[in-house]
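# Architecture and fold: a report
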Amino acid sequence: MSAPLRIGNRDARRLWLWTNGLSGTPVGPVDVMGMIRALGFVQIDTIRNVTRAHHHILWSRNQNYREKMLWPLLRQREIFEHFTHDASLIPMDVLPMWQRQFRRLGERAARHGWYQSGLGQEQISSIRARIAAEGALSTHAFETKAESREMWARPPHKKALDQMWYSGELATCHRENFVKFYDLGERVFPAHLREGPGEAESALWLCDAALDRLSVGTIGEVQRFWEAMDAGEAKGWAEARRPVPVEVQGADGAWRAAWGAPDIEARLAAAPGATTRLRILNPFDPAIRDRVRVERLFGFAYRNEMFVPKEKRLWGYYVYPLLEGDRFVGRCELKADRAAGWLRVTGFWPERGVKWGPARVEKLEAELVRFARLAGIREIHWDVARPGEGMVAPRP
């Protein structure tokens, strides 16, 4: 066997940003489906800080994107909504290979206490019967009450709806003001895509598709991409496919073994250097979703602290990484009131060793203006000192 292909750190970062659609200047005609297919899926999230995560992720790749462009694709059956590592929008042409995920998650939901509704089979059947008779319904069409007042408590009908949704018996028909409407899976999923190959073949396909969207990855990273298989299946894929062995240099200088896509050398030759534009990335952006990977490649330690108690946060509630070229240069916390038309910078932290001179500050302020425009906001205020004006020191 030939020696593994060695990929130095700068090349690894260049390749990763290109693979994620973050190399070029984010302008030009908007191809929303093209972006979703290239990424594999787009995570959706309920929190609307400035804009919701799914909109921000797409906007980061083309800043001509607008929020109204996404949801028609769900109604048009170009995409479907289901669960990868979290709720996500997935290209409809993945559906045949996703039948195994409906089975896996449906069985898990049937066993897991979180999804146990406490409703009898007759009551669950009546929920399905209402949807069959009346058409798509949201959770607001049902009236059962949660047993507790805790933040995460859900009413029994919501648990029953989710259990049927995980199994594919129900599907997201559309969303209105982000409220999910459930319909029968057979009425949402095109008939010719509802049958797929066997479990093993689907797993191989999903692993191939994962590596294609990673360019380079370990078996664990391939497995976690879709969260649709176990470790044994991912290991079996590597044994069956024998992807290209590579060694990747981390930001710390260490070399680590991984696997490369079949055309990895062509990708390395084709991937351009990253634009020098400064970007505000979403905490759920796929480029930083794997926190271990992003720290290994970029030396950037990031964690999402939305659900961390305030007194235990290192940074803040909704903190955006700042990417310039092929390195992370800082992070900022933003808050917005779209109705009032303002966006506020409530926290800013430079990365260690990064100087924030006038040119870099100007780049950040230009990106803030562009980001605010996506949300229909015109006023931008700094509640903390701008970089270079009594700058906040980086935290450990």
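Computed from a prediction, not measured in an experiment: that's the story for all the values here.

The end-to-end C-alpha separation of helix H9 (residues 199–214) is 22 Å, in line with the 22 Å expected for 16 residues at 1.5 Å each. Looking only at H9, the buried set comprises Ser202, Ala203, Leu206, Cys207, Ala209, Ala210, Leu211, Arg213 and Leu214. Looking one or two places after H9, you find Ser215, whose phi comes out positive at around 70 degrees.

All right, on to the packing of helix H10 (residues 219–226) against helix H11 (residues 231–241) then. Where H10 meets H11, the axes come as close as 9 Å, and the angle between the chain directions of the two elements is 120 degrees. Our classification of the angle between H10 and H11 gives oblique. Here H10 and H11 pass one another in a crossing that is right-handed. Contact residues: H10 offers Ile219, Val222 and Gln223, while H11 offers Ala231, Ala234, Lys235, Trp237 and Ala238. Class assignment for the residues of the contact of H10 with H11 results in six nonpolar, one polar and one charged.

Here the focus is the sheet that holds strand S6 (residues 170–176). Taken in spatial order, the three strands make up an open sheet running S5-S7-S6, and their pairing is antiparallel. Every other strand in the sheet has two partners, leaving strand S5 (137–138) and S6 as the edge strands with one partner each. Here two bridges tie S5 to strand S7 (residues 179–184), and the two strands are oriented antiparallel to one another. By the bridge assignment, Leu137 is partnered in S7 with Tyr182. Packing against the sheet, helix H6 (residues 121–134) makes contact with S5, S6 and S7, and its axis sits at approximately 85 degrees to S7.

The next point concerns the pattern of salt bridges. The final tally for this structure, using the stated rule, is 33 salt bridges. Here Arg14 ties to Asp11 by a salt bridge, and the two come within 2.9 Å at their closest N and O atoms. With Arg14 and Asp11 both in helix H1 (residues 9–19) and three residues apart, this pair spans about one turn of that helix. You can call Arg14 buried: its relative accessible area is 17%.

This next bit is on the packing of aromatic side chains. Counted by the stated rule, this structure contains 20 aromatic pairs. Relative to Phe225, the ring of Phe41 lies with its centre 5.3 Å away and its plane at 65 degrees, an arrangement referred to as edge-to-face. Of this pair, Phe41 sits in the loop between helix H2 (32–39) and strand S2 (42–43) while Phe225 sits in helix H10, and the two are 184 residues apart along the sequence. Residue classification places Phe41 among the buried positions, given a relative accessible area of 2%. The class of Phe225 is buried, set by a relative accessible area of 5%.

A separate point is empty space enclosed by the protein. Scanning the model with the defined rule gives one cavity of 30 Å³ or more in all. Size it by volume and the largest cavity reaches roughly 60 Å³. For the lining of the largest cavity, the elements supplying multiple residues, two or more each, are H1, H2 and H9. Each residue belonging to the lining of the largest cavity can be placed in one class, and the counts come to six nonpolar, two polar and two charged.

This brings us to the nonpolar core. Phe80, Trp98, Phe189, Val216, Trp226, Phe298 and Phe328 are the most contacted members of the largest nonpolar core, which has 52 residues in total. Per-element tally for this core: the top contributor is H9, with six residues. Ignoring any residue separated from it by four or fewer positions in sequence, one finds Trp226 in contact with Gly40, Phe41, Thr84, His85, Ile90, Trp98, Gln101, Leu206, Ala209 and Ala210. In this structure, Leu58, Leu74, Tyr320 and Leu322 belong to the second largest nonpolar core, which totals 46 residues.

Glancing now at the side chain of Glu221. The residue Glu221 is located in helix H10 in this model. For Glu221, a relative accessible area of 6% corresponds to the buried category. Engagement of the side chain of Glu221 in a polar contact is seen with the side chain of Arg296, the distance being 2.6 Å. In this structure, Glu221 is in contact with Leu214, Val216, Asp290, Arg293 and Arg296, ignoring residues within four places of it in sequence.

The rules behind the values
Residues numbered from 1 in each chain as written. Predicted model: local features only at pLDDT ≥ 70, side-chain atom pairs only at ≥ 80, totals over all residues. Heavy atoms only, no water. Helix = DSSP H or I, 4+ residues; strand = E, 2+ residues; numbered from the N terminus. Expected span 1.5 Å × (residues − 1). Buried < 20%, exposed > 50% of the residue type's maximum accessible area, 1.4 Å probe, protein only. Axes fitted to C-alpha atoms, helices over the stretch in contact; angles between N-to-C directions. Parallel < 35°, antiparallel > 145°, perpendicular 65-115°, else oblique. Left-handed = near helix turned anticlockwise from the far one by under 90°. Contact = heavy atoms within 4.5 Å. Nonpolar A, V, L, I, M, F, W, Y, C, P; charged D, E, K, R; others polar. Pairing = 2+ DSSP bridges. Salt bridge = Lys/Arg side-chain N within 4 Å of Asp/Glu carboxyl O. Phe/Tyr/Trp six-rings, centres within 6.5 Å; stacked < 30°, edge-to-face > 60°. 1 Å grid on protein atoms, 1.4 Å probe; cavity = no way out; pocket = protein on both sides within 12 Å on 5 of 7 lines; lining within 4 Å. Points joined across faces, edges and corners; volume = space filled by probe spheres on them. Core = buried A, V, L, I, M, F, W, Y, C linked by side-chain atoms within 4.5 Å. Polar contact = N/O pair within 3.5 Å; in protein donor to acceptor, adjacent residues only side chain to side chain.

As far as function goes, none of this settles anything; it's purely spatial.
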